[in-house]
Every structure is written in structure tokens, then in C-alpha cells.
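# Breakdown of the fold
Listed here are the chains, written in short residue letters.
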Amino acid sequence: MYYIDEELKQNILSEAPSDEPARQLFFIEECRKILSERAEELKRHLTCCVNTFGCQMNAKDSEKLLGILTQIGYVPVETEDADFVLYNTCTVREHANVRVYGRLGVLKHSKDKNPDMIIALCGCMMQEEQVVEKIRKSYRHVNIIFGTHNVYMLAELLFDYLCTGINRTEILKGTDRIVEELPSERKYPFKCGINIMYGCNNFCSYCIVPYVRGRERSRRREDILREIRNVAAQGVIEVMLLGQNVNSYEYDFPGLLEEVCAIDGIKRVRFMTSHPKDLSDDLIRVVRDNPKIARHIHLPLQSGSSRILKLMNRKYTKEDYLDLAFRIRQNIPGIALTTDIIVGFPGESEEDFIETMDVVEQVRFDSAFTFIYSKRSGTAAAKMADQVPKDVADERFGRLLALCQSCSKEQTLKYQGTTGEVLVEGTNAKDPSYLSGRLSNNSIVHFKGNSGLIGKMAQVRLDEAKGFYYTGTLL
């Protein structure tokens, strides 16, 4: 390990700005100096690997984390045989925690071979006290631990570890601070996510997110628009506005969408995720009237039973949801509606499940993410009586999945033989002579074409619907 003496460290700390993001940019530069010296000693570049678990918000955070690390001087690699390994964790389901523990066990062997390897953990899982306590006790080879509220502090925490070699844990219980304008290493040069808000105030009874992401905090409208103008100038043509519930954005979400559509260079705008209780007629109008806004709304249902929805604390009924879904379909031709559904929530009867099936039958979702309920400690639902037996939940899940797949196939068949505009995202993983991209409604299309089209919009005839995707011909 490579340290600097305490006096020099204190001198450097005394020069650090107190304001953000200037403070983190200062520590990025100090880490870069230390890393540069180490690279000279080793006569090679130092490498980093960032692995992301979870949602689009985590993926966006990982782009920032990777941006900070590359600015410091690390070279990104795909494998965990790296000098710096970071897991950006998810904790929506306890199975996600188990996966991380297993991966940490494997990393212990890598660190035994390379004692100078630095291992860091961040993200939602780190906001749980019992998790952090377990890691510090049983996984002492983890060097840096931080949470969702101080993702921006990676350089500062790394500087401290590089100076002392002492493991560092920094978890904030909550924050009203939003720190952006730090380096970011985007996965795609032509599309990216843009955070418009953080946190959640809904407290659905099955969900841990409000406890680990904190209360809702909205970014200033002018900051969001400035960021989008900047990425548009760098060649981004599609942006996805991100939030746990974009409809509760504090400064008028439909109005923000209209302003984003007016930015030069932006050709397509997406957003994720909408809560049914907050989706307004004004938003429906804005989507309808702005062709740049993707013809896709993700509208989590969770259950079709009003009784179960009340137990879930979702704050809408089956009738409310159906009315909203029909108004969206009626007002926005060609819109794709996708959803999330939980099967086997505590107390769910066969009658409740049939209500869910009825909503799927009526709405005909373009696709659905279906889950069997699993207990999540720390949530209200985990303490509920009448947990549904596994075999019953499994059987219901099978029926729901078959219906959802049938609806998806039916929806894709509607557009077979038509022409659509595809944002080309890359070459096909199975056949490099094919390109893959997405339509405005988020459907995937595979077609033969030249790699020079990647990152551009292309007109493609949708020759054959394959259930969840199309094969097509470039026009």
C-alpha cells in the first residue's frame, strides 16, 4: 500500500474547499497525484471495475462513480481482477444482499493474491445498519463503505484510504443536498439518464426504497436543463429523466418535459418511473402533443385487487388504475404501457389474484415485469400475517406469466409490417452482422446493417414480430 505522512495529509486537507462539487474535484486531483506515482512504480496503469446491481438510478450513479475513478487515473476493465473493485448495491430484495455477500467471498481470494487491491461498497444496501455491521465484522477485506446520500464523496473517501490504509465507512442517514457536476463515464455516447429527483415519499408497504434512498428531493429545473444542453452538445440524442416517482417532481414535471423537448439536438425523451396516483391529465397532454417524447409509459400496477392495493399502501384502486390506463391509450395513439406486478402478497386470495388477471386482460400490457412477493425485512409487509404459501404463489405466477406473454405477443403483432424509427444501440450479441436498437415504444428491433449507424436514428421495416422484439429490414 502507498501512504503519505500525516503532516502532508493535514496540509492537503487544510487546502480543501468546503463547497461542493469543488471539494470533490480537489480530492480527485490529489488522488490522481498519488495514483500516478503508484503507476510509475508498477510500470503499468492501475485498473478499476464497477459492478452495478439494481435500477436505472443505480446505473446512473455508477456512471458518476466510474467517471470519478477514470478522472483519478484508473483504467476501466470488465473483470474483477482489478486494482479497485466497487459494487454499487441494490437492496430491494434480500436475495440481492445474498448475491453481494457471495461475490465478496470470492473477492477475498483475489485480495489475498493482491493485498494492494482496494474493495469498495456503496448504494442502497449500505443504508442498512445491520448490513454495514455484518460487512465490517465478517468481510474485513472491504476497505471503503458509503451510502446513497454521499455517492459524490468517492474521491474524498479514497484519498483518506490512500493516505492511511485504514478502512473507511461513511454513511449519511439522510440529506437535503444534491451534488452533481462531477465527472461521468457514460455507457453510451448517444443516450444517457438524467436525474431529476431523488428519494421517495410513498412508503409502499413492501418497499425498502424510502428508507435507503430517503425523502424526495428535486433538482432545480435550470440545473437539469443545463445538464441536458451539455450532453446534447456532446452528441447525446436521447435522454431518460430519472426519479423514483417522476410525477411528484416538485417543479412541474409536464412543463419540464416540454422544455427538454425544445433543446437542440435532443431527438427522443423518455422518463422512468410514473406512479399511477400522480400521473396527471396535463402529463398525458404533453406526451400526446410532443412527438419527441417516447411512446412508452411504465405504469406499475403491483396488484389488480383494490383490497390488496390498500394493504400495499398504493393509494389508488383497481378502478382508478383502469380509468387512467384507458385515458392514456385513448389520448396517445401507439403508446406502449408496461408494468410491474407482484404475485403472492400477504393475504392475497384467489379472488384477489383473479382481479389482477382481469386488469391484465383489459389493459393488454405491452410487457410486464412479474415478481413473486418475497419478504423484505424493514418493511411493513414483512410483519403481515397470512403469508401466501410458496406453491400457491408459484402456480399463480405461472398463470400470470402466460397471460402477460400472450398480451405482449398480441401487442407486437399490431405493428408487424409497419415502419418505425429505431435508435441504433449496438451490434447484435449473437450475430455481429445485425444491429440492435429501440423504437419509440421501447420495443427492440434487430436488423442487418453497418456499425456506422450506431448512435443514429434509422428507418426500419418491422418484418416479423417475435413476441418481445422484431426482426426488420433497414430502409
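Anything mentioned here points back to the structure above.
Below: a short report on this structure.

The rules behind these values
- Residues numbered from 1 in each chain as written.
- Predicted model: local features only at pLDDT ≥ 70, side-chain atom pairs only at ≥ 80, totals over all residues.
- Heavy atoms only, no water.
- Helix = DSSP H or I, 4+ residues; strand = E, 2+ residues; numbered from the N terminus.
- Expected span 1.5 Å × (residues − 1).
- Buried < 20%, exposed > 50% of the residue type's maximum accessible area, 1.4 Å probe, protein only.
- Arc of directions from axis to C-beta.
- Contact = heavy atoms within 4.5 Å.
- Phe/Tyr/Trp six-rings, centres within 6.5 Å; stacked < 30°, edge-to-face > 60°.
- Lys NZ or Arg CZ within 6 Å of the ring centre and 35° of its normal.
- Polar contact = N/O pair within 3.5 Å; in protein donor to acceptor, adjacent residues only side chain to side chain.
- Core = buried A, V, L, I, M, F, W, Y, C linked by side-chain atoms within 4.5 Å.
- Pairing = 2+ DSSP bridges.
- Axes fitted to C-alpha atoms, helices over the stretch in contact; angles between N-to-C directions.
- Parallel < 35°, antiparallel > 145°, perpendicular 65-115°, else oblique.
- Nonpolar A, V, L, I, M, F, W, Y, C, P; charged D, E, K, R; others polar.

## Topic: helix α12 (residues 318–331)
Helix length check: α12 (14 residues) gives 20 Å between terminal C-alpha atoms against 20 Å at 1.5 Å per residue, within 8%. All of the buried residues in α12 are K318, Y321, L322, L324, A325 and I328. An end-on view of α12 places all buried positions within 165° of arc, on one side of the element. Away from its buried face by more than 90 degrees, α12 exposes E319 and Q330. Turning to α12, the residues buried within the fold contact α10 (281–289), β12 (296–298), α11 (306–312), β13 (336–343) and α13 (350–363).

## Considering the packing of aromatic side chains
In this description, a pair of aromatic rings is defined by centroid distance and the angle of the planes. Applying the stated rule across the entire model yields 13 aromatic pairs. A ring pair is formed by Y101 and Y139, whose centres lie 5.7 Å apart and whose planes are at 10°; its orientation type is stacked. Taken together, the positions of Y101 in helix α4 (residues 94–113) and Y139 in the loop between α5 (129–138) and β5 (144–146) put the pair 38 residues apart, joining distant regions of the chain. Exposure remark for Y101: the relative accessible area of 12% places this residue in the buried category. For the pair Y206 and F345, a centre-to-centre distance of 6.4 Å together with 85° between the ring planes defines the contact as edge-to-face. Of the two residues, Y206 sits in the loop between β8 (197–198) and α7 (209–213) while F345 sits in the loop between β13 and α13, which places them 139 residues apart along the sequence. Owing to a relative accessible area of 13%, Y206 belongs among the buried residues under this scheme. Lying over the aromatic face of Y101, K134 brings its terminal NZ or CZ to 3.9 Å of the ring centre. Above the ring of Y188, the side-chain terminus of K191 is found at 4.8 Å from the ring centroid.

## A few points about the side chain of T148
Position of T148 relative to the elements: it lies in the loop between β5 and α6 (154–164). Of the polar contacts made by the side chain of T148, one reaches the backbone oxygen of V212; its length is 2.7 Å. Apart from the residues lying within four places of it in its own chain, the contact partners of T148 are G123, C124, Q127, V212 and R213.

## Some words on the nonpolar core
By size, the foremost hydrophobic cluster in this structure holds 65 residues, and its most contacted members are V239, L241, F253, F271 and I328. With near-sequence residues (within four places) excluded, I328 lies in contact with L279, I284, I297, L299, I335 and L337. Listed in part, the 38 residues of the second largest apolar core include C31, I34, L154 and V179.

## What to know about the pairing of strand β3 (residues 84–89)
The buried fraction of β3 amounts to six of the six residues, a majority that puts the element mostly inside the structure. Burial along β3 is two-sided: the face carrying F84, L86 and N88 and the face carrying V85, Y87 and T89 are both buried. Direction of pairing for strand β1 (residues 47–52) relative to β3: parallel, over a ladder of five bridges. Paired with V50 across the bridge in β3 is L86.

## Some details on the sheet that holds strand β10 (residues 238–242)
Taken together, the three strands give an open sheet; going across it, the order is β7-β10-β11, and neighbouring strands pair in parallel fashion. What marks the edges here is a single partner per strand, and that holds for β7 (191–195) and β11 (268–272). Along the sheet, successive strands turn relative to each other by an average axial angle of 25°, direction set aside. Where β7 and β10 come together, five bridges link them in parallel fashion. Bridge assignment links K191 to a residue of β10, and that residue is E238. On top of the sheet, helix α8 (residues 221–233) reaches β7 and β10; it is set at about 165° to β7, its chief contact.

## Description of the packing of α12 against α13
For any two helices packed against each other, the geometry is given by the interaxial angle and the distance between the axes. Contact pair α12 / α13: the axes reach a minimum separation of 11 Å and the direction vectors enclose 10°. In this view, α12 runs roughly parallel relative to α13, as classed from their interaxial angle. For the pair α12 and α13, the contacting residues are K318, Y321, L322, A325, F326 and R329 in the first and E355, D358, V359, Q362 and V363 in the second. Of the residues belonging to the contact of α12 with α13, the class tally is six nonpolar, one polar and four charged.

## As for the environment of E133
You can see E133 is positioned in helix α5. The exposure class of E133 is exposed, given its relative accessible area of 58%. Distance from E133 to P389, taken between C-alpha atoms, is 32 Å for residues 256 residues apart in sequence.

## Details of the side chain of Q302
Tracing the backbone through its elements, the reader meets Q302 in the loop between β12 and α11. The exposure class of Q302 is buried, given its relative accessible area of 7%. Of the polar contacts made by the side chain of Q302, one reaches the side chain of Y206; its length is 3.4 Å.

## A few points about the sheet that holds strand β16 (residues 434–438)
Within the closed barrel, the five strands sit side by side as β15-β16-β17-β19-β18. Their pairing is mixed. Strand after strand, the sheet turns through a mean of 50° between neighbouring axes, direction not considered. Summarising the sheet, strand β15 (residues 419–427) and strand β18 (residues 457–465) pair through five bridges and their orientation is antiparallel. Among the inter-strand pairings, G420 is bridged to a residue of β18, identified as V460.

This is a description of form; function is not addressed.
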